[in-house]
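# Observations on the model geometry
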Amino acid sequence: MESVLVAYASKHGATAEIAERIGQVLRQAGLRADVLPTDRVSDLTPYQAVVLGSAVYIGQWQKRAARFLRENEKALAERPLWLFSSGPTGEGDAAALVQGWRFPKALQPIADRIRPRDIAVFHGALDAAKMNWFEKWMIKNVKAPLGDFRDWDAITTWATAIADVLRKMVSPAPGTGPQ
Ligand SMILES: Cc1cc2nc3c(=O)[nH]c(=O)nc-3n(C[C@H](O)[C@H](O)[C@H](O)COP(=O)(O)O)c2cc1C
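Residues numbered from 1 in each chain as written. Predicted model: local features only at pLDDT ≥ 70, side-chain atom pairs only at ≥ 80, totals over all residues. Heavy atoms only, no water.

### Observations regarding a nonpolar patch on the surface
The cut-off we apply is this: Without a salt bridge and with relative accessible area above 30%, a residue can belong to a patch; like charges are then joined within 9 Å and nonpolar side chains (Val, Leu, Ile, Met, Phe, Trp, Tyr) within 5 Å. Only the protein chains shown count as cover for residues, with accessible areas throughout obtained via the Shrake-Rupley method and a probe of 1.4 Å. Salt-bridge detection follows one rule: a side-chain nitrogen of Lys or Arg within 4 Å of a carboxyl oxygen of Asp or Glu. Secondary structure counts use DSSP, requiring at least four H or I residues in a row for a helix and at least two E residues in a row for a strand, with both numbered from the N terminus.
A cluster of nonpolar side chains, Ile-58, Trp-133, Phe-134 and Trp-137, forms an exposed patch at the surface whose accessible area comes to about 550 Å². Within the secondary structure, Trp-137 is located in helix H6 (residues 133-142).

Quick look at the structure:
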């Protein structure tokens, strides 16, 4: 059975729950999936595919996720890889809310080399009770809407598409596999 790693970096928990949902969808599709914060992953050898996501803060991925991408570039390039950023709050298309931004510019050269299958942007959640004073001040300044805007249907659809690709890799339809 294919084993998939869903690795994530989350500061206040919203991205962790997105990663958990992705793992759940993959498992329901019959795959094995480990959902782990990036700093708890030391070896990619057991995994045939990776999904990596991070919360976005001031246009950047969490440092732990960026480090994970950098330090595992070679292993990630050898596996099917999907990336996601989670952040924008408010109604409407997530990518439109961040003007088409998908991924930090500083990490783009690595993504260009690794060539992920996809880079998704998902809505995030802003909970005032979890933010420190600086975060609250920042969010007030940029007038980002507070609340949980995570789009579970979009996340489920994306994860289902990943499961479809991986299942086809394990058991290609008759006539489509290597001859
Ligand atoms: C100080 C601060 C800065 C943020 N900057 C961005 C940003 O630049 N782009 C974005 O899309 N979301 C931004 N967000 C929203 C977060 O990415 C969003 O709340 C996300 O769901 C947090 O995930 P986490 O709970 O896993 O840490 C910011 C939030 C805070 C508190």
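### What about the side chain of Ser-54?
Just so we agree on the cut-off: Each residue gets one of three labels from its accessible area relative to the maximum for its type: buried under 20%, exposed over 50%, partly exposed in between, using a 1.4 Å probe on protein chains only. Whenever two N or O atoms come within 3.5 Å, that pair is a polar contact, provided that in protein one can donate a hydrogen and the other can accept it, and provided that, for residues adjacent in sequence, both atoms are side-chain atoms. Here a residue-residue contact requires only that any non-hydrogen atoms of the pair lie within 4.5 Å.
With respect to the helices, strands and loops of the structure, Ser-54 is situated in strand S3 (residues 49-57). With relative accessibility at 0%, the residue Ser-54 sits in the buried group. At 2.9 Å, the side chain of Ser-54 forms a polar contact with the backbone nitrogen of Gln-62. The contact partners of Ser-54, leaving out residues within four places of it in the chain, are Ala-9, Thr-15, Trp-61, Gln-62, Ala-65, Phe-84, Ser-85 and Ser-86.

### Some points on unusual backbone geometry
Residues apart from glycine generally show negative phi values, whereas peptide bonds are mostly found in trans. Residues other than glycine seldom take positive phi values, yet Gln-99 does so here, at roughly 50°. With respect to the secondary-structure elements, Gln-99 resides in the loop between helix H4 (94-97) and helix H5 (108-114). Residue classification places Gln-99 among the exposed residues on the basis of a relative accessible area of 72%. Unlike most non-glycine residues, Lys-143 shows phi in positive territory, near 55°. In this fold, Lys-143 is placed in the loop between H6 and strand S8 (147-148).

### Topic: the layout of surface pockets
What counts, and what does not: Within this scheme a cavity is a closed region of a 1 Å grid, computed over the protein atoms alone, that accommodates a 1.4 Å probe without allowing it to escape, whereas a pocket is open but has protein on both sides within 12 Å along at least five of seven lines; lining residues each have an atom within 4 Å of a point. Grid points are joined across faces, edges and corners, and a volume is the space filled by probe spheres set on the points. Here the term charged refers only to Asp, Glu, Lys and Arg, the term nonpolar to Ala, Val, Leu, Ile, Met, Phe, Trp, Tyr, Cys and Pro, and the term polar to all other amino acids, Gly among them.
Roughly 1000 Å³ of internal volume is contained in the largest pocket. Lining the largest pocket are 37 residues, and of these Val-56, Tyr-57, Gly-87, Leu-126 and Ile-139 sit closest to its centre. Of all the secondary structure elements, the ones that give two or more residues to the lining of the largest pocket are helix H1 (14-28), S3, strand S7 (125-126) and H6. When residues of the lining of the largest pocket are assigned to their parent elements, the largest contribution, five residues, is made by H6. Each residue belonging to the lining of the largest pocket can be placed in one class, and the counts come to 18 nonpolar, 11 polar and eight charged.

### Side note on the site of the ligand
Filter applied, for reference: Here a residue is considered near a molecule or strand provided that any single heavy atom belonging to it is located within 4 Å of it.
Taken together, 22 residues surround the ligand, and among them Ser-10, Thr-15, Val-56, Tyr-57 and Ala-125 come closest. Note that an oxygen atom of the ligand is positioned 2.8 Å from one of the backbone N or O atoms of Lys-11. Between an oxygen atom of the ligand and a main-chain N or O atom of Ala-14, the distance comes to 2.9 Å. The protein chains hide 89% of the 650 Å² of surface that the ligand would expose on its own. Across the shell around the ligand, the residue classes tally to 12 nonpolar, eight polar and two charged.

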